[in-house]
Every structure is written in C-alpha cells, then in structure tokens.
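Spelled out, the chains give:
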Amino acid sequence: MSAPAPAMPKSWYVPSKPHKFCPGCGHGIVLKALGEAIDELGIQDQAIFGCDIGCSLLSWDFFACDSTQTHHGRTTPVMVGIKRSRPELICIGYMGDGGGYSIGSQHLLNSAVRNERVTLILVNNTNYGMTGGQMAPTTLPGQKTETTPYGRDPEVTGYPTMGPEFIAAVTPDSAYVARGTVARFKQLKKYIKTALQNQIAGNGFSFVEVLSTCPTNWRTNAQQTWNFLEDEMEKQFPVGELKNPLGKGDK
Amino acid sequence: MFSFTSNSSQRIVEAFVGEYASGKSEIAINRALELKDQGHKVTLVDLDTVEPFYTLRVISKQLWETGLNIISYNREDSFGLGETGAMLKPAARWALMNEGDVILDIGYGVHGARTLNLVEGAFESPELCIIAVINGTRPMTNSRARTREFLEELGRVDAVILNTHLGDQTTLDIIIEGNQFIREAAEELGVPIAYIAISEDFRGLIPADQWDLPVKYIKRYMPGAIW
Amino acid sequence: MPNVIGEPKKSFMTGNETAAWACLAAGAEIMFGYPITPQNEIMHYWTRLAPKYDKGFLQTEDELSAGFTVCGSVQSGKKAFTATAGPGNVLMQEPFGMAEAMRLPLLAIIQQRGGPSSGTVVYSQQEVTLTTFGGNGEGMRIVYSTASHQEIYDYIIKGFNTAWKYRFPVFILGDGYQAKMREPLEMYDPEDRGIEMVKPYPLIGLGGEIGKDREAEHLCNIYSLEEELYEVVMKVAAEYESIQDNLVEYSEKNCEDADVIILSHGVVSRAAEDAMNILRAQGIKAGYFRPITLRPYPQQQLRDAIAKSGAKVLLCAESAYGQLQRLTKQELYGETIKMESLFMPGVGIIDYDIVEKVKSVI
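None of the values given here were measured: they were computed from a predicted structure.

A. Broad picture of the overall build of chain C. Each helix and strand counted, chain C has 12 helices and 14 strands in total. Relative to the compact-globule value of 21 Å for 362 residues, chain C shows a C-alpha radius of gyration of 21 Å, a close match. Counting all 362 residues of chain C, 54% fall into the buried class. Taking the intrachain contacts of chain C between residues at least 6 apart in sequence as the baseline, contacts between residues at least 24 apart amount to 80%.

Shown next, in the form of structure tokens:
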C-alpha cells in the first residue's frame, strides 16, 4: 500500500518538488503558508511571484503562478513596476533579510513611504545563507558569522535592523505590517493572508517579516535550531501585527 | 491697447514669463538693450532656477560689454556647483534695489510667474509688469485652445507678446498663422497684447498694414551660444 | 491608438521635450525616472502630458529602481521607458543587464553629460562605451546615436518598434546639447506615415486558468550550470547577429573619391558634415561617415567606404577621449588605413576644429 501523497497547496508547482532548501530550513514553511493563503483567496491566476537573489531564489519555480527573477535587492522595484502597470495583478515579492534590509533597503523604504500596493514577504534568518553565512543586517549582537568570527559587535557594526518597526513608522494606517515566525504556522499564515487581502483591497503596502531558521549556516542541530528561533530571535524581534487596517492588531 | 509708455518719473520693471524655449530670454535681452539705448540705466536678471547654467551664462560676458548690469551666473561662477538645481544668485533676490529699470528673465517651470516670489518686493512693486511670451509653434501653445489653457495656468499676466517663429525655418505664413490664434486667445481672456516680436531678418518683408498692432524687430543673441 | 499629434506640425522645441512627445506619439504607456541633468525636462514634459493622455509615471528613489521598475513594467506587457545620464546611466547598467539577459524590450533615452564621475551636467560623448557595452554582459543592445531633434523623434518611434520586435533593450543616445538646444522639427503620428507600431505583449500575467488553460510562466534569470548559461548566451548572440543587417544604420557622404574620411557620431556629425563641405570647397577631398547605430556597428559599410575611396586617413572626431575610436578599431580589425583623432572630451566640436585637424594630418 503506498503512502498518501503529502498535502500540497494547489498553487504549488508540482514538477519542482521536492524543493531544494536545506533540511530544517524555514523557507519551506513560509512558502507553504503562502501557498495555502493563495489557494484560500483563489488568486493563483492573478498572482505574480517575484523572488530575490539569495536562498529565496530557490523558490523561483516554486509556485504554479507566473513568476519572475531579478537581481539582489531589486525584487521590490520589479514588483512595483508590474503593479503600477497592471494593478489587477497581485504582486508578491519574496526576499531575504540581506536583499530587503541591506542592498535593497532604499527600495523597501521608499516603496513603503509611497504606500505601493504590493505584498512583500521578507525571511529573516539572521545571516546571508546562500553565500555561506556572513553577517546580515539582522544578525544578533554577539552572534558568530563568517564575517563576524568573534561575534557581532554593535559598537562596530550596529544593532539588528528592526524592519517591521521602521516600516510601520513610515507608512500610513492603510498599510499592513507584521512579524511572524515559522514556529507558529497558523499565525504566520493568517499574517500572510491578511497581507494579501490588504493588497487585494487596494489599501496599501503590505509587509510581513518572518523569523526563520538556517541550521546549515548556524551549524545547529534540531533542538538548538528551535531554541535559537524561539528564544534568542524572538527576544530581539517581537512577533505580532504592527498595523492592520483590516482588523485589530493582536500585538 | 496695452502701452509700455509710462510716466517718466516711474522706472520700468518687466518680468518675462512663458514656455520653455518660447523666446523669453531673447525678448528680455532685446528689451534691456532697447531701454539702455534710450539712455536708461538697466539691470537684466536671469531668474531661471531650473537650468541657470544653460541660459544667459553663455552670453553674459558679451552682454556685460554692452553696458547692461547683468545679474546672472557666469561660467566661472558655476565651478563646483555641480548639478544645476534650483540655484538663485543672491543678487537676484535684491534685484529691485538696483537703481533704474529692471528686466527679469524668468525661466520656465510649473510655478510660472510665482518665481517672482523670490525677488524681494516684486509683487508689491507698483511698476511690475508681467509679460507672457508666446510662440505659436510650441506644442503646448500651438492652437488657440492650448494657448488659452496655458495662459490661464500661468497666473498673473499683464500683457502678452506674440513671438511665433520656427527658428531658421520661419516663414511669413507661420508668423501670421501662429500670432493670429495667440491674439484670439489673449483677447478672449482680456489680456492686452504688448506687441508682435519678429526677427530682424524679416525687416522690410512685412506689409505695413499686416497688423493693427505694434511690431518690434528683435535681434537673436542666443545662437551665439554653442548650441 | 488615439492620435496625439493630429495634422503633422512643425514645432520649435528642445530635444528633451521632443523625446517626451515622441514617446507619447509612439504609444508609450508609462515612464519611470529619477532626476538627473540634462534629461530632466523629459520627465517634466512627460508628467505634464501624462494625465491628459491617461499615461503613467513614477518618480523612483534612484536609477536602480527606475531601471528595475521599467523591467517589471515591460514584463507585464507595457510599453515602458526611462531616461537618464552620467552616473544615473552607470547605476542603470544593472537593470539594463537584466533586460539583456531576459530579453526585455525596454527603451532608455541617454542624454550624455561630462565624465568621469559627476563630471559636468552639460555635454559630452563619454557614455558611448557604457551604453554600448556596459554591464556584465556581451553588449546585446541596440544603440541609436541621434544628431538632431527630428532624429530624436524619428528614432524614439523606431526604437520602441525595434525593442518590441526583436526584444533587445534599445537606447537613444543623445547628449546635453541635443537635450537643451532649440530647433524646429516635424511631429507626426506614426500611423500617418505608414509606420505600424508593434503591439506590446505580456511575458507574465497572461490570464486564463493555470493548469487548465495554460501552464504557469517561470521567467528565469540565473543559471546553476556553466553549460546552461553558455547555451543561453550563445543563443542570444546568434539571434543578435542574425538581425544585425536589418538594424545597422549609417550615413555616408562623398566617400567615393575621398582622401580623408571624417568619422563622427551624434551631434558632432553636424560639424563634421559642415567641415567636409568647407574642405571640399577648398579642394580637399574629404568624405563623411557616421554610424547611426553604434550597436550594431555598420562595420561592413565603413570598410566598403574605405575600400572604394582609397582614403589614406580616417579621422575620428568625438567629444570623448577615444570611445568611438576604440569601438571603430575593434570593428575594423585588419584594415590598414591610418587612424587620426580629434578628441575633445566634454567639449563641443565645431567645423573649424575639424577643418584645422584635417589640414594638419593630410
């Protein structure tokens, strides 16, 4: 008797499965939440999925949605260009913390200020994964990476970027801003779904940062990985909704 | 009809506004030199804040030599200023403090005559006359309706100069056709027409009874610039 | 498409205004841009015209964003364009590279200013190398170097068609003088001249139900294996080479019996033509050759002009320190004609400069 096939969202692109993320990586969980949200909203045919460079790139053919690739940090303007040209499309930018908060920070900041009607999902795993575990804007104080071999010293390299907090500060109330975590799937899916609904309603900029895991570069086992995510990261990065025009925030 | 003759105790303060490349600078230079030749003391002010280093600066030296008082950036002044953003030469702010007539060449821009807010006392000046220069071959002013729309957007305009031409390809027909609809637009709005400006190349080629409006022949100075 | 010009009309305009009107007449739908002199009035006029003709505009946070929003827009099927200069052109090489790789039919108007670095905001021809071969690619672009307002108008209309027909990024290479100078031109609606505008089409956002009507479109811009990339680049190169003959444009005068051929492009070619006429009047057999497309370069046509004339000297006159000449040398590999140069980086060139130079080298 063959085992039942694992339940996959309809909007996933089957030929690209199994996916190529490392074991224990959080991307798969984020993309599952996104896939289920797309299914529940019935927007697969209108969705444009755009992925950045970095590990997020591995999702380029993840969905059975029209998808496009660009350069490191430039997913935001490509999505903005599409949305400005074809407002009926649902534009979903998917990026890491390096792409969003470092090399593409000017695009993130200014598209937030302009309240662009796009949904951006930014995966925060506290390091540059694909290039081999260098310091990211989100690396925790004291955290060891390949370019902070003695731990990140905030005196030298500053404190972690608080993305949703700064985006909440520059957007009007019609924007949606939240920070979720792969440790709480239901909540994460709700955030992502609301971020899509906010775009569909034409309200404004919709942004979800997702705390995620990178055992390969963290060099952690399963227990350590989960501890780092739930204890260390959440201490620095509070989880919750910062802005929700569609309902009360739960923070 | 609008008249430029003012009582002799009053000095002349004229500001020329209009579309990009409408001929504002040429008209302003010609007017300043005309007044100087009449024995007036004249200050010519370049108020083009959008592209100050592209306009009068190229010929400001030549104009200085005519005896005009020029308030404009010179080529050497522009050193290190980099991007030609909204640069206002401080002396321009106090241009009306100069003794004698003041001719203001206002650059183009969405603010139109409001650029005069930058000149201390301009709008309070009883002598101030704001004159729109219109060329009927410019896309934004190439019909009666468009000219009218343009004049309405400009804000305060005290008079209009009909300045239709097509550079080296100007013909009498082009001049007549363009100036006719500009005139109609101005008359619809009740704005007086100061005169028709025509390149001196056409002197003697225009029938005396062509218009019941004054005609001024102007010399082109701007081709002296490299472009 | 609605007529925007109507009856063809002679107009007295600056080059930047001309560019904005040409984009409108060509049916461009949206512009993304960032302020930089000397192209600003393209944005100024586009934003004045846009609401009247139901067109779009976004002022982005920088040129990277302007370039990438255009990339997104053309992927979604819109005729989109941008305009820039100098350091902005440097930043835009990143999105232009994406357009080359993904075959995105964008159009960019480059109004060259002085360089290197911030240089001057006025004029030069120093963005030839950047515009033809900038970025981490192979220069799979089409670059038209214009010399008059009429050409800015004509080649922008043509450029949109070239971009959408062949799907290579197209550049209109002007300069600060062309941007700011005033001269007459005739504006027209392309349809009235029998020019059929190529319709844009989406690469993503294709409509229909995925999995039923069609499969999802996954546009790819990065390759995992050397061999994959090799195949893609070789295929693009072969396609580019196969259309070169259709694209190459040039202007040649008096080369049949020339002893010296004056080579120039863009606004300098106006001085070169005047210089040729002056020299001819003085009994000096001067010819004139001007590449209109700098990519692809009319190399066979220039070789033919040299061969039939038997000219001894090819004088390259440019407002740069040898960017056109370098391009020409690589295209003319094997020719033995003596190459002389009149390099005036960042400075305008007039007929007198060229006449004097010709006399000193023959």
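That shown, we press on.
B. Layout of the overall build of chain A. In terms of regular secondary structure, chain A is built from nine helices and nine strands. In terms of C-alpha radius of gyration, chain A reaches 17 Å, essentially the compact-globule figure of 18 Å for 251 residues. Principal-axis analysis of the C-alpha atoms places the extent of chain A at approximately 55 × 50 × 35 Å. The proportion of buried residues among the 251 residues of chain A is 58%. Sequence separation of 24 or more characterises 67% of the internal contacts of chain A that already satisfy a separation of 6 or more.

C. Structural context of the arrangement of the chains. Where two pairs of chains are in contact, the pair with the most contacts is made of chains A and C. In this assembly chain A lies apart from chain B, the nearest approach of their C-alpha atoms being 22 Å.

D. Expanded view of the interface of chain C and chain A. Contacts between chain C and chain A engage 35 residues on the former and 30 residues on the latter. When contributions to the side of chain C that touches chain A are tallied by element, the ones reaching two or more residues are β2 (30-33), β3 (56-59), α3 (63-75) and α4 (86-102) of chain C. Here the side of chain C that touches chain A gets nine residues from one element, more than from any other, and that element is α3 of chain C. Here the side of chain C that touches chain A is built from residues that sort into 16 nonpolar, 13 polar and six charged.

E. Spatial organisation of the packing of helix α1 (residues 15-25) of chain C against helix α6 (residues 149-166) of chain C. All names here are of chain C. Relative orientation of the contacting elements α1 and α6 amounts to 25°, with a least axis distance of 8 Å. Here α1 is positioned roughly parallel relative to α6, judged by the angle of their axes. As α1 packs across α6, the resulting crossing turns out to be right-handed. Across the interface between the two elements, G15, T18, A19, A22, C23 and A25 from α1 touch H149, I152, Y153, I156 and I157 from α6. When grouped by side-chain class, the residues that make up the contact of α1 with α6 number eight nonpolar, three polar and no charged.

F. Representation of the sheet that holds strand β3 (residues 90-96) of chain A. Residue and element names in this part refer to chain A. Ordered by their spatial adjacency, seven strands build an open sheet running β2-β1-β3-β4-β8-β7-β9, and the pairing between neighbours is mixed. In this open sheet, the two edge strands, each paired with only one partner strand, are β2 (66-69) and β9 (240-243). In this sheet, neighbouring strand axes are inclined to one another by 15° on average, regardless of whether the strands run parallel or antiparallel. Strands β1 (47-51), β4 (119-124) and β8 (206-211) of the sheet are contacted by helix α1 (residues 27-41), whose axis makes an angle of about 160° with β4.

G. Quick look at the packing of helix α9 (residues 268-281) of chain C against helix α12 (residues 351-361) of chain C. Residue and element names in this part refer to chain C. Remark: α9 packs on α12, axes separated minimally by 8 Å, with the N-to-C direction vectors making an angle of 50°. The orientation of α9 with respect to α12, classified from their angle, is oblique. Seen from above, α9 lies across α12 with right-handed handedness. Mapping the contact onto sequence places A271, A272, D274, A275, I278 and L279 in α9 and D351, I354, V355 and V358 in α12.

H. How the structure looks around the interface of chain C and chain B. Of the residues lining the interface, 19 residues belong to chain C; the matching set on chain B comes to 17 residues. Breaking the side of chain C that touches chain B down by element, the ones donating at least two residues are β1 (9-14), α1, α7 (176-180) and β8 (182-187) of chain C. The dominant element in the side of chain C that touches chain B, judged by the number of residues it contributes, is β1 of chain C, at six residues. Taken together, the residues of the side of chain C that touches chain B sort by class into seven nonpolar, five polar and seven charged.

I. Focus on the sheet that holds strand β13 (residues 313-318) of chain C. Residue and element names in this part refer to chain C. Across the sheet, five strands lie side by side as β9-β11-β10-β13-β14; this open sheet has mixed pairing. Of all strands in the sheet, those bounded by a partner on one side alone are β9 (250-253) and β14 (338-343). Ignoring which end each strand starts from, the neighbouring axes of this sheet average 20° apart. In this structure, strand β10 (residues 260-263) lies alongside strand β11 (residues 286-291), joined through four bridges in parallel fashion. Looking at β11, one finds that L263 is bridged to F289. Against the sheet, α12 touches β10, β11, β13 and β14, its axis set at about 150° to β13.

J. Geometry of the pairing of strand β7 (residues 193-199) of chain B. Residues and elements named next belong to chain B. Of all seven residues that make up β7, six are buried, and the element is covered over most of its length. Two elements, strand β6 (residues 159-162) and β7, share three bridges in a ladder whose sense is parallel. Paired with I161 across the two strands is Y195, which belongs to β7. Each parallel crossover has a hand, and for β6 linked through helix α5 (residues 172-189) to β7 it is right-handed. Alignment of β7 against strand β8 (residues 215-218), held across four bridges, turns out to be parallel. Its bridge partner being in β8, I196 is matched across the sheet by V215.

K. Inspection of the pairing of β10 of chain C at higher detail. Residue and element names in this part refer to chain C. Taking every second residue as pointing to the same face, both faces of β10 are buried, with V260 and I262 on one and I261 and L263 on the other. Between the parallel elements β10 and β11, the chain passes through α9 in a crossover that is right-handed. Across four bridges, β10 lies against β13 in parallel orientation. Across the sheet, residue I262 finds its bridge partner in β13, namely L315.

L. Looking closely at the nonpolar core. If you look at the biggest cluster of nonpolar residues, it comprises 174 residues, and the most contacted ones within it are L106, I156, I261 and I262 of chain C. Ignoring any residue separated from it by four or fewer positions in sequence, one finds I261 of chain C in contact with C255, G287, F289, A305, I306, S309, A311 and L314 of chain C. Among the nonpolar cores identified, the runner-up in size contains 53 residues, and L47, L104, I131 and L151 of chain B belong to it.

M. Structural view of helix α6 (residues 163-170) of chain A. All names here are of chain A. Of all the residues in α6, the buried ones are G163, P164, I167 and A168. An end-on view of α6 places all buried positions within 125° of arc, on one side of the element. Check the buried side of α6 and you find it contacts α3 (97-103), α4 (105-113), β4, β7 (176-181), β8 and β9.

N. Representation of unusual backbone geometry. Residue P38 of chain C is reached from T37 of chain C by a cis peptide bond, and omega for that bond is 5°. R295 of chain C connects to P296 of chain C through a cis peptide bond whose omega is -15°. Following the sequence through the fold, P296 of chain C ends up in the loop between β12 (293-295) and α10 (299-309). The phi angle at N115 of chain A is positive, at roughly 55°, despite the residue not being glycine.

O. Representation of the environment of F207 of chain A. Residues and elements named next belong to chain A. With respect to the helices, strands and loops of the structure, F207 is situated in strand β8. In this structure, the C-alpha to C-alpha distance between F207 and E232, residues 25 residues apart in sequence, is 23 Å. Not counting the four nearest positions on each side in its chain, F207 is found in contact with A112, L120, P164, I167, Y176, V177 and A195.

What counts and what doesn't
Residues numbered from 1 in each chain as written. Chains lettered and ligands numbered in written order. Predicted model: local features only at pLDDT ≥ 70, side-chain atom pairs only at ≥ 80, totals over all residues. Helix = DSSP H or I, 4+ residues; strand = E, 2+ residues; numbered from the N terminus. Rg over C-alpha atoms; globule rule 2.2 N^0.38 Å. Buried ≥ 20, exposed ≤ 12 C-beta atoms within 10 Å, placed from the backbone. Contact = placed C-beta atoms within 7 Å. Nonpolar A, V, L, I, M, F, W, Y, C, P; charged D, E, K, R; others polar. Axes fitted to C-alpha atoms, helices over the stretch in contact; angles between N-to-C directions. Parallel < 35°, antiparallel > 145°, perpendicular 65-115°, else oblique. Left-handed = near helix turned anticlockwise from the far one by under 90°. Pairing = 2+ DSSP bridges. Right-handed = clockwise from strand over helix to strand, strands pointing away. Core = buried A, V, L, I, M, F, W, Y, C linked by C-beta atoms within 7 Å. Arc of directions from axis to C-beta.

Remember that the coordinates give geometry; whether it matters functionally is a separate question.
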